[in-house]
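Here's the letter readout for the chains.
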Amino acid sequence: MINISKPFLPDIEDYIKYIRDIWERNWLTNNGPLVNDLELKLKDYLDAKHLLFLGNGTIALQIAIKALELKGEIITTPFSFVATTSSIVWEGCEPVFVDIDKDTFNIDPSLIEQAITGKTSAILATHVFGNPCDIEAIGQIARKHDLKVIYDAAHCFGTKYNGRHVYNFGDISTASFHATKLFHTVEGGAVITNDAELLKKLAFLRNFGHETFETFAGIGINGKNSEFHAAMGLANLKCMKDVLEVRKAQAKMYDKDLAELKVKRPKIQQGAEWNYAYYPILFETEGALLRSIEALNDNWIYPRRYFYPSLSSLNYVKKCSTPVSDDIAKRILCLPAYHTLKQEEIAFISRILLRVQNN
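Presented here is an overview of the structure given in this document. On a predicted model such as this, the values are computed, not experimentally measured, just so you know.

Topic: the nonpolar core
Across soluble globular proteins, you tend to see nonpolar side chains buried next to one another.
Move 1: Counting residues in hydrophobic clusters, the biggest one holds 67 residues, and the most contacted among them are Ile75, Phe79, Phe105, Ile112, Phe129, Ile138 and Phe157.
Move 2: Examining the composition of this core, we find that six residues originate from one element, helix α7 (residues 227–237), more than from any other.
Move 3: Ile112 has contacts with Ile75, Val98, Ile107, Ile123, Ile138 and Ile141, leaving out every residue within four places of it along the chain.

Printed below as a string of structure tokens:
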């Protein structure tokens, strides 16, 4: 069976060394030494000013919204994982969907200004499949209208934009370190910011609002992560060069094997060094996609319709028109991609897709 993804696992002996140290210290959570070490190493790896390790990528979005004190409307994309939208609603704000660019699949900056109202407080944009948004255009709009910018960068570990890691843009960028991501801590996430004062707010929010054991800076939540998760992150971080190289090589294999397949690939943003985290293909019709899925499933191969349906169709948001997102969501498919996926398996997947097309 070939699934859409499998978690990367580091050398087990390396991980066990960290676990033994946890056993000796008997310090399991609450900002332990491994959490601190991981934060420092991630800051160094990402050349980030400020980073906090959190429980998951969804709590990262929620804390980011809370730290920026956002109210009213937040302009966002309808083409992303559901947590991007649900976090906005969960924090008492209203998502306002702006359609996506038909080539990059990211939010279309040319449509953002017409969606701004007196209630708009921020833009929350996703770097879809690790492909950076038009950061300059979004930044110019935000400055012009005095809006905050959050980037949902869940897919972005290893992606750079104009020579800088993509997490270093916006007021806050959020990361997911879920097991399916290129870099993972089993479950985990992070918030990244260049603003030291904002970091203080984020730190209080992460830990129930605690200022000391007996005083509180304000409202907070349990957004912490454990020493065990940090141990996995520290072990995995050592392997990232190999992880990124393998994923790029797999994408090139797909490119070669599927050169005759009638599909479209996302246009990578100019100035980006992409991480190849996913291998999405856009079929000419939904029918062609469904036939391909059926043929792959018949051979125990399980791709995923990332992202389907368009988030503008959720039953807890206002109905709106997002024709490009609706169309792309119906026709896009992500093919299996993970560290141990073999060249022969990529060739097998590709032959099935080409056979469906030619029948």
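There is more to say, and it comes next.
Observations concerning the layout of surface pockets
Move 1: Reported here for the largest pocket is a volume of approximately 550 Å³.
Move 2: Taken together, 31 residues form the lining of the largest pocket, with Phe81, Ser176, Thr180, Lys181 and Tyr278 sitting closest to its centre.
Move 3: The set of elements that each furnish at least two residues to the lining of the largest pocket consists of α3 (57–67), α4 (82–90) and β9 (172–176).
Move 4: The residue makeup of the lining of the largest pocket, split by class, is 14 nonpolar, 12 polar and five charged.
Move 5: Of the volumes computed, that of the second largest pocket is approximately 310 Å³.
Move 6: Looking at the second largest pocket, it is lined by 14 residues, and the ones nearest its centre are Asn30, Asn31, Asn207, His210 and Lys224.

Looking at the sheet that holds strand β13 (residues 279–283)
Move 1: What the three strands build is an open sheet, ordered β11-β13-β15; its pairing is antiparallel. Edge strands, defined here as strands with exactly one partner in the open sheet, are β11 (263–264) and β15 (332–335).
Move 2: Where β11 and β13 come together, two bridges link them in antiparallel fashion. Bridged to Val263 within β13 is Phe283.
Move 3: Relative to the sheet, helix α10 (residues 323–331) contacts β13 and β15, its axis offset from that of β15 by approximately 45°.

Quick word on empty space enclosed by the protein
Move 1: The full count for this structure, using the stated rule, is two cavities of 30 Å³ or more.
Move 2: Its boundaries defined by the atoms lining it, the largest cavity holds a volume of some 80 Å³.
Move 3: Every residue along the wall of the largest cavity is listed here: Ser5, Lys6, Pro7, Phe8, Ala179, Thr180, Lys181, Leu182, Val243, Arg247, Tyr338 and His339.
Move 4: Residue composition of the lining of the largest cavity, grouped by class: six nonpolar, three polar and three charged.
Move 5: There is about 40 Å³ of room inside the second largest cavity.
Move 6: Residue lining of the second largest cavity: Arg247, Gln250, Ala251, Tyr254, Tyr276, Tyr278, Tyr279 and Ala337, and that is the complete set.
Move 7: Sorting elements by how many residues they give to the lining of the second largest cavity places helix α8 (residues 240–257) first, with four residues.

Describing the pattern of salt bridges
Move 1: Summed over all chains, the structure comprises 14 salt bridges.
Move 2: Its salt-bridge partner being Asp14, residue Lys238 comes within 3.1 Å of it at the nearest N-O pair. Of this pair, Lys238 sits in the loop between α7 and α8 while Asp14 sits in helix α1 (residues 12–25); the two residues are 224 residues apart in sequence, bridging distant segments of the chain.
Move 3: The exposure class assigned to Lys238 is exposed, which follows from its relative accessible area of 54%.
Move 4: With its nearest N and O atoms 3.1 Å apart, the salt bridge here joins Lys144 to Glu113. Of this pair, Lys144 sits in helix α5 (residues 135–145) while Glu113 sits in the loop between β4 (94–97) and β5 (120–126), and the two are 31 residues apart along the sequence.
Move 5: Residues joined in a network through salt bridges with shared partners are Lys102, Asp103 and Lys264.

Section: unusual backbone geometry
Move 1: With an omega of -5°, the peptide bond running from Tyr306 to Phe307 counts as cis.
Move 2: Along the polypeptide, Phe307 turns up in the loop between β14 (301–302) and α10.
Move 3: The peptide bond linking Tyr308 to Pro309 adopts the cis configuration, its omega dihedral lying at -5°.
Move 4: Structurally, Pro309 is set in the loop between β14 and α10.
Move 5: At Asp47, a residue that is not glycine, the phi angle is positive and equals roughly 50°.
Move 6: Among the secondary structure elements, Asp47 is positioned in the loop between α2 (33–46) and β2 (50–54).

Definitions and limits used
- Residues numbered from 1 in each chain as written.
- Predicted model: local features only at pLDDT ≥ 70, side-chain atom pairs only at ≥ 80, totals over all residues.
- Heavy atoms only, no water.
- Core = buried A, V, L, I, M, F, W, Y, C linked by side-chain atoms within 4.5 Å.
- Buried < 20%, exposed > 50% of the residue type's maximum accessible area, 1.4 Å probe, protein only.
- Helix = DSSP H or I, 4+ residues; strand = E, 2+ residues; numbered from the N terminus.
- Contact = heavy atoms within 4.5 Å.
- 1 Å grid on protein atoms, 1.4 Å probe; cavity = no way out; pocket = protein on both sides within 12 Å on 5 of 7 lines; lining within 4 Å.
- Points joined across faces, edges and corners; volume = space filled by probe spheres on them.
- Nonpolar A, V, L, I, M, F, W, Y, C, P; charged D, E, K, R; others polar.
- Pairing = 2+ DSSP bridges.
- Axes fitted to C-alpha atoms, helices over the stretch in contact; angles between N-to-C directions.
- Salt bridge = Lys/Arg side-chain N within 4 Å of Asp/Glu carboxyl O.

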